[in-house]
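In case you want the letters, here they are:
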Amino acid sequence: MAAERASVHRVLVVLDTASEAAHLLEAASALAAGMRTSLAALFVEDERLMQAAALPFASELGVASAQVRPLAPIAIERALRAQAAQMRRVLEAAASRFSLSWSLEIERGRTLPVALARLCSTELLVFGASGMAAAARARVREPSAASSVQARTFGAVYDGTHKGDRALAAACAAAAAAGATLVAFVVANGQRADGEALQRYSEGSGVAIKRIDIPGGDVDAIAGATRGAGVDVLFVPGADGGELRVGALLAVVSCPLVLVP
Amino acid sequence: MNQTARASSIGKALSPDALVARCDPRSLGFATTQELPDLATIVGQQRASDAVELGIGIHRDGYNLFVMGPPGSGKHTLVQQVIAGRARAAATPEDWVYVNNFFEPHKPIAIALPAGQGQVLRRDMAQLVEELSATIPAVFESDEYSAKVGEIDTEFSERHDKAMNALAEEATRSDVALLRTPAGFSFAPLAKGEVLTPEEFQKLPEEDRERIEAKVGELQTKLEKLVREALRSRKERNQRVKALNREMVLLAVGHAVDELKVRYAGREKVVTYLDAVQRDVLENADDFRKREESGPPALRFAAARDEASLRRYEVNVIVDHGGDGGAPVVVADHPTFQHLVGRVDHIAQLGTLVTDFNLVKPGALHRANGGFLLVDAAKVLGQPFAYEGLKRALQRGEVRIESLGELYSLVATVSLEPEPIPIKLKVVMFGERYVYYLLCAYDPDFRKLFRIAADFEDEFDRTPETTRLYAELLATVARREALLPLDANAVARLVEHGSRIAGDAAKLSSHVDLAIELVGEADFLARKRGAEAIGGEDVAAAIAARRVRAGRIKERVAEAILRGTLLIDTTGATVGQVNGLTVFEIGGEWFGAPTRITATARLGEGEVIDVQREVQLGGAIHAKGVLILSSFLAARYSARHPHSLAASLVFEQTYGEVEGDSASLAELCALLSVLSDLPIRQTLAVTGSVNQLGEVQAIGGVTEKIEGFFDICRERGLTGEQGVIIPAFNVGHLMLREDVVEAAAAGRFHVYPVACVDEAIELLTGVPAGVLDPAAEAPAMTVNARVAARLREFATLRRGLAPPRGRANLRRKTHDGG
């Protein structure tokens, strides 16, 4: 089987209220610059927040202050507008540094369905960790200065499928462009998980690939392995029923996730 | 001229030989100065030379040196010669460096190191930083470090994730969603996986609503606890990572620092400093990591700032004797306070002024420490606080760098307080005598700090030996300045000029700079005419040219006299009018000019009015001269009757202050003329002071005064009648110009020495003075007889005009009663 070539026309970075925008945009910008594509940002305002804020007992617990305060729809609207404006500034600054053409779109809905509905075959979809634990953890853990500027260790989930090849190809291209090392998390079994594929991609891109086997592809195991390997960006294949897999991964990994269709 | 010769010439015109003390070129014993060796000593300054040797030689506190004397007398040359010898033989003092004080950064630490080791330590520290800049990032980039940090992060993340996930699951089980808001978290009830709208919620039974609210409240309390726990975890995680960082960095730093500590094992202060460096590196290892970064401008700026922070490991070498041998000799050309004691510079950074120990700059005291500091007293005293700063350093035995503004509470900014550096040095201060005497009088500390004074002479004896040394000095200068050699004639002319500058034919001026300047100018003239050596004519031309250059005022005065604007007669004879002589000093050049002095006499009560004094244009010495001649008149002529004279003396057409008593002889002669009614020869000019006994005393500037009158007479035409009367004691000072001597030799101009006023008045009036007997009687028709008669006449007249005794008594009574 010939090595898959990554053909990417746009990097779409998905932001929501849980996203660490600076961290994510920096990583996505570096990725787009390395792959010589444009950068598009999609800010998804969680529609459930408006409903929750309208409830009579609605309140909010500040993540930095640990203080409980009342929540009202108008306050949520204002906070979302402020967050979108902040993301625009961060995006503009990041794109400017990497000389990228960029756009920002704001949509209301649920993050994952909205983002996946937009995914086309020539886009890389970059997510921030959005699970509750990850969102809180992002506050706890100081973002690495190095990873915020330029990812140094890339990861790719390889399942031996065609989409897995595309994910690996995209990861190789990005790693080569960024001068990063690449860790392949091999989740496939049997013949599909032989070392030849990795060897081909390594030779084709000139990037040394470190292999870590995760039989069964448990998302918790993948998340643990990415943390252990110090992965800054994780490439995952957009498999059938991908919504479930991506959603599960997003809930547990703490680094940006690149979904390769 | 000896005393016998002088006595024999009194009252008679001096022979041309007496007008100038020639230097015979043949007596010099060389053709050109090429034959002469370099002069190793200073001519004629033995006393000062001994004092300098003593001052430099004593190594005790307070034995600093004040060298005083006229400018150009070789003070600096002599001192530098003596010091150079001592400095070469002395041990090279230690280097001094300032390093950062990691505990109190505003108090940089001073460290002494063997000569040349300051730069070595600086390089060692630079190398250490370079090494750490490579090894520390490598430590942090290592797999080992990443793995350990990963372990810590995983431990904390897992602990937190587990709790969060459990909470999220509990919420889901209770049909409650945990939502992320822009600033935090919120809970919302679910129905079939979707958040309830407010309308749907309101439609629920009340007990369901209460249950949901209670559950949400319960979940919120748990979440709050979790978030607080997360905040605590962050602190704990940071401490764990910091401890890991220290552990990892210590491996890299400890080895490098230990190597340096072995190298500087004998230097306790350096070792202590290195320990402090190690502690600081461990605490601030991130500073080394951030240097590796590149990226957006904001981060690059931060990186630059971090790089600047590594300046704290640099070594500021303020005194470096690496390339020196022996003790330093520092000449403080511009001894301001800061140039003497050092300063702390500041640099502008983001609109504020900042500083650190690297900006501590040494002063002359630092550089001269262990050696010699040469300063000019006038310059030190002219600079605000410089003298005080110098004294303070010498008194304390240490130099403390202080900000003037802070020292005098002029500004309230916080600056550095570098550790004082102990000093041991010899200060040589140069200055004029009056500065020394003023400091002695007004500064009680001065004598304690400058115990040795070396006083340089203004002139020295002109002997064959000193003349020879003078020639050797000129030879040395010619060679040093790459000038043509001087032939014997040139040297002879310069020797004569040296006597002229000294104002004494038996002396030579110690202002050798003037002679050196003349040699330079004569060299120019000699080269212009293509000569291979500077000749006598070149020196004469250089002297003449110098005279012309400085002669503008003199020419204007002479012009005014010749055009009649200033009234000076050089022919005829007039009663009560005499040509006095004044001397001017402008810009270091001296010249003389005649001035008319007139006297009037009338009946009075014995007072002689000095008009100059009355209008406050006469100095104290001049007033004293007038009082003396007044006393002389009273004592000589009115011993037995009331001195009933009222006289006025005026320096005609003078518009500035007259000082000195050198005109008192002329003033007395004018008075005698008016009292005797005998006219004074205007062909003569007079200079000299008199005492109460009528003896004529020496005055200054005699050569210039004679030449001043000669120039006027020459312009009007020398008649053979003209000349100048001078004190006999000044004959030995004469160093007249060649043209004056030639005129005297030709009998067209004369210089008359006189020892007493009678000799002068005889020359001026052509009438014998006459010897007074104890009754103040003199032979008839003599000057003294006529003066005595006139004064007796005044006394008689006064007695006739006196009021009756009774009325006088009545008036006195009234006065007493009042």
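This structure is a prediction, so every number in the text was calculated from the model and none was measured.

The rules we used
Residues numbered from 1 in each chain as written. Chains lettered and ligands numbered in written order. Predicted model: local features only at pLDDT ≥ 70, side-chain atom pairs only at ≥ 80, totals over all residues. Heavy atoms only, no water. Phe/Tyr/Trp six-rings, centres within 6.5 Å; stacked < 30°, edge-to-face > 60°. Buried < 20%, exposed > 50% of the residue type's maximum accessible area, 1.4 Å probe, protein only. Pairing = 2+ DSSP bridges. Helix = DSSP H or I, 4+ residues; strand = E, 2+ residues; numbered from the N terminus. Axes fitted to C-alpha atoms, helices over the stretch in contact; angles between N-to-C directions. Contact = heavy atoms within 4.5 Å. Salt bridge = Lys/Arg side-chain N within 4 Å of Asp/Glu carboxyl O. Parallel < 35°, antiparallel > 145°, perpendicular 65-115°, else oblique. Left-handed = near helix turned anticlockwise from the far one by under 90°. Nonpolar A, V, L, I, M, F, W, Y, C, P; charged D, E, K, R; others polar. Polar contact = N/O pair within 3.5 Å; in protein donor to acceptor, adjacent residues only side chain to side chain.

### Focus: the packing of aromatic side chains
Residues and elements named next belong to chain B. Under the criterion given, the structure shown has 15 aromatic pairs over all chains. On the basis of an interplanar angle of 70° and a centroid distance of 5.7 Å, the ring pair of Tyr 436 and Tyr 437 is categorised as edge-to-face. The exposure class assigned to Tyr 436 is buried, which follows from its relative accessible area of 8%. On the numbers, 5.1 Å between centres and 20° between planes, the contact of Phe 584 with Phe 591 is stacked. Phe 591 gets classed as buried once you look at its relative accessible area, which sits at 8%. Through a chain of ring-to-ring contacts, the aromatic side chains of Phe 66, Tyr 436, Tyr 437, Phe 446 and Phe 450 assemble into a single cluster.

### Section: the sheet that holds strand β22 (residues 589–603) of chain B
All names here are of chain B. Reading across from one edge, β23-β24-β22-β21-β26-β29-β30 is the order of the seven strands in this open sheet, with mixed pairing throughout. On the outer flanks of this sheet lie β23 (607–610) and β30 (750–754), each paired with one strand and no other. For this sheet, the mean inter-axis angle between neighbouring strands, taken without regard to orientation, is 30°. Looking at chain direction, β22 and strand β24 (residues 645–651) are connected through seven bridges and run antiparallel. What sits directly across from Ile 597, in β24, is Phe 651. In the packing of helix α28 (residues 702–716) onto the sheet, the strands contacted are β21 (577–586), β22, β26 (684–686), β29 (723–727) and β30, and the crossing angle to β22 comes to about 80°.

### Brief notes about the side chain of Thr 336 of chain B
Residue and element names in this part refer to chain B. Within the fold, Thr 336 resides in the loop between β8 (329–332) and α13 (337–341). Overall, the relative accessible area of 15% leaves Thr 336 in the buried class. Sequence-distant contacts of Thr 336, that is, excluding residues within four places in its chain, are made with Gln 383 and Ala 386.

### Topic: the pattern of salt bridges
This structure, assessed with the given rule, holds 62 salt bridges over all chains. Of the charged contacts, one joins Arg 108 of chain A and Glu 77 of chain A as a salt bridge, the two residues approaching to 3.4 Å between their closest N and O atoms. Here Arg 108 of chain A, found in strand β5 (residues 102–109), pairs with Glu 77 of chain A, found in helix α3 (residues 73–97); they are 31 residues apart in sequence, far enough to count as distant. On the basis of relative accessible area, Glu 77 of chain A is assigned to the partly exposed category, the value being 27%. Between Glu 559 of chain B and Arg 556 of chain B there is a salt bridge, with the nearest N and O atoms lying 2.9 Å from each other. Pair noted here: Glu 559 of chain B and Arg 556 of chain B are both in helix α24 (residues 552–562), with a separation of three residues, about one helical turn. For Glu 559 of chain B, a relative accessible area of 31% translates into the label partly exposed. The class of Arg 556 of chain B is partly exposed, set by a relative accessible area of 42%. Salt bridges linked by common partners bring Arg 500, Lys 554, Glu 707, Asp 711, Arg 714, Glu 715, Arg 737 and Asp 739 of chain B together as one network.

### Remarks on the packing of helix α6 (residues 117–141) of chain B against helix α9 (residues 206–263) of chain B
All names here are of chain B. Where α6 contacts α9, the two axes come as close as 10 Å, and the packing angle between them is 160°. The pairing of α6 with α9 is recorded here as roughly antiparallel in orientation. Crossing handedness for the pair α6 and α9: right-handed. Where α6 approaches α9, its residues Asp 124, Met 125, Leu 128, Glu 131, Leu 132, Thr 135, Ile 136, Val 139 and Phe 140 are matched on the opposing element by Asn 245, Met 248, Val 249, Ala 252, Val 253, Ala 256, Val 257, Leu 260 and Arg 263. Residue composition of the contact of α6 with α9, by class: 13 nonpolar, two polar and three charged.

### Quick notes on the side chain of His 643 of chain B
Residue and element names in this part refer to chain B. Mapped onto the secondary structure, His 643 falls in the loop between α26 (620–637) and β24. Taking relative accessible area as the criterion, His 643 reaches 12% and is therefore assigned buried. Separated by 2.8 Å, the side chains of His 643 and Ser 638 make a polar contact. When near neighbours in sequence (up to four residues on either side) are disregarded, His 643 contacts Gly 604, Glu 605, Gly 606, Ser 630, Leu 633, Ala 634, Ser 638, Leu 791 and Arg 798.

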